[in-house]
Amino acid sequence: MHEEIRHPCVQHKLALIRDISTGHKQFRELATEITMFVCYEALKSISVKDVEVETPLETAKCYKISEDIVVVPILRAGVGMLEGILSLVPSARVGFVGLYRDEVTKEPVTYYQRLPEQANGGLCILVDPMLATGGSTVAAIDILKEAGARKVVVVCIVTCPEGLQRVEDAHPDVPIFVASIDRGLDENKYIVPGLGDAGDRLYGTR
Ligand code: PRP
Ligand code: URA
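So, a few notes on the structure that sits alongside this text. The structure presented is a predicted model; accordingly, all values stated were derived computationally and were not measured.

1. A look at the overall build of the protein chain
- A count of helices and strands for the protein chain gives six helices and 13 strands.
- Computed over C-alpha atoms, the radius of gyration of the protein chain comes to 17 Å, within 12% of the 17 Å expected from 2.2 N^0.38 for 206 residues, which places it in the range of a compact globule.
- Split into buried and exposed, the 206 residues of the protein chain put 47% on the buried side.
- A separation threshold of at least 6 residues defines the contact pool for the protein chain, and within that pool the share at least 24 residues apart is 62%.
- Surface summary for the protein chain: the accessible area is close to 10600 Å², and the carbon and sulfur share equals 52%.
- Here the protein chain contributes 22 positively and 29 negatively charged side chains, and the mean placements of these two sets differ by 2 Å.

Next comes the structure, spelled out in structure tokens:
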């Protein structure tokens, strides 16, 4: 299952974040804002529990989130989405998976992982702005499942049909929420039209 968030506010921010003239400060702000919109949709089915709250007038029946939430950014570009998610779910725990794409093979290389024990049993939100070939996302989900995760959802900013297919073939139980499904991949396995190298644009490298 995947869902593209086609809300006009998201589309407007996508136009800005894709723009080559957008510098790293604004790129980071936009990544945070787009993440909030996409994550808002991704969390629409999250479990809640009944609570009673005393308002100044009477007792109100309310709901609070009842699941442990673990946000897992894929290093390094995924960190650019952390602030946006944590502003929606401030009590979430955070785990990290370090992966980079080998420049020649384009396949993911794992170099770090540190997950809270609540990854086993809680809802894991895997975040990375770019789901290109899907190799990194598949590898990160493999790591989460090896750590015991049973409920995983992916939140990203830009993807393409090839990447979605690869992740859905490998992990059909994992829903993907994304701001844009772009046309495809170029000869260097970059998403087109895409937004370029997300890590470099977030952190001002290169
Ligand atoms: C980028 C991006 C994803 C991956 C997507 O990371 O942030 O993690 O590539 O590509 P894939 O779907 O083809 O695997 P990159 O390897 O550039 O590392 P970085 O975040 O450290 O810049
Ligand atoms: N990684 C990126 O940062 N951008 C792409 O388009 C593909 C992989």
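2. A look at the nonpolar core
- Of all hydrophobic cores here, the largest spans 37 residues; its most connected members are L14, I17, I34, I125, I157 and L195.
- Only α1 (8-18), α2 (24-42), β4 (69-75), α3 (82-88), β8 (123-127), β10 (151-159), β11 (176-181) and α6 (198-203) provide two or more residues apiece to this core.
- Counting residues per element, this core draws most heavily on α2, which supplies seven residues.
- L195 has contacts with I17, R18, F27, M130, I157, V158 and R201, leaving out every residue within four places of it along the chain.
- One finds L99, A119, A140 and L164 within the second-largest nonpolar core, a separate group that totals 24 residues.

3. Some points on the side chain of T159
- Inspection of the secondary structure puts T159 in strand β10.
- Within the local environment of T159, its side chain forms a polar contact with the backbone oxygen of L131, the two atoms lying 2.8 Å apart.
- Beyond its immediate sequence surroundings of up to four residues, T159 is in contact with L131, L164, V178, S180, I181, D182 and I191.

4. Here we look at α1
- Of all the residues in α1, the buried ones are V10, K13, L14 and I17. Mapping the buried residues of α1 onto a view down its axis gives an arc of 110°, with all of them on the same face. For α1, the exposed residues lying more than 90 degrees away from the buried face are P8 and H12.
- At its buried positions, α1 is contacted by α2, β10, β11 and α6.

5. Quick notes on the site of ligand 2
- Around ligand 2 sit R101, M130, A132, K189, Y190, I191, G196, D197 and A198, and that is every residue in its neighbourhood.
- At a separation of 2.8 Å, an oxygen atom of ligand 2 approaches a polar backbone atom of I191.
- Surface burial for ligand 2 is 87%, taken as the share of its 230 Å² of free accessible area covered by protein chains.
- A molecule is said to occupy a pocket when more than half its atoms come within 2 Å of that pocket's grid points, and by this definition ligand 2 occupies the largest pocket.
- Residue composition of the shell around ligand 2, by class: five nonpolar, one polar and three charged.

6. Comments concerning the layout of surface pockets
- Computed from the structure, the largest pocket encloses a volume of approximately 720 Å³.
- Along the walls of the largest pocket sit 29 residues, with Y100, R101, Y190, D197 and G199 positioned nearest its centre.
- Going through the elements one at a time, β4, β6 (96-101), β9 (130-131), α4 (135-146) and α6 are the ones with two or more residues in the lining of the largest pocket.
- Grouping the amino acids of the lining of the largest pocket by side-chain chemistry returns twelve nonpolar, seven polar and ten charged.

Rules used throughout
- Residues numbered from 1 in each chain as written.
- Chains lettered and ligands numbered in written order.
- Predicted model: local features only at pLDDT ≥ 70, side-chain atom pairs only at ≥ 80, totals over all residues.
- Heavy atoms only, no water.
- Helix = DSSP H or I, 4+ residues; strand = E, 2+ residues; numbered from the N terminus.
- Rg over C-alpha atoms; globule rule 2.2 N^0.38 Å.
- Buried < 20%, exposed > 50% of the residue type's maximum accessible area, 1.4 Å probe, protein only.
- Contact = heavy atoms within 4.5 Å.
- Areas by Shrake-Rupley, 256 points an atom, 1.4 Å probe, with all protein chains shown as cover.
- Lys, Arg positive; Asp, Glu negative; His and termini not counted.
- Charge placed at Lys NZ, Arg CZ, Asp CG, Glu CD.
- Core = buried A, V, L, I, M, F, W, Y, C linked by side-chain atoms within 4.5 Å.
- Polar contact = N/O pair within 3.5 Å; in protein donor to acceptor, adjacent residues only side chain to side chain.
- Arc of directions from axis to C-beta.
- Near = heavy atom within 4 Å.
- 1 Å grid on protein atoms, 1.4 Å probe; cavity = no way out; pocket = protein on both sides within 12 Å on 5 of 7 lines; lining within 4 Å.
- Sits in = over half its atoms within 2 Å of the grid points.
- Nonpolar A, V, L, I, M, F, W, Y, C, P; charged D, E, K, R; others polar.
- Points joined across faces, edges and corners; volume = space filled by probe spheres on them.

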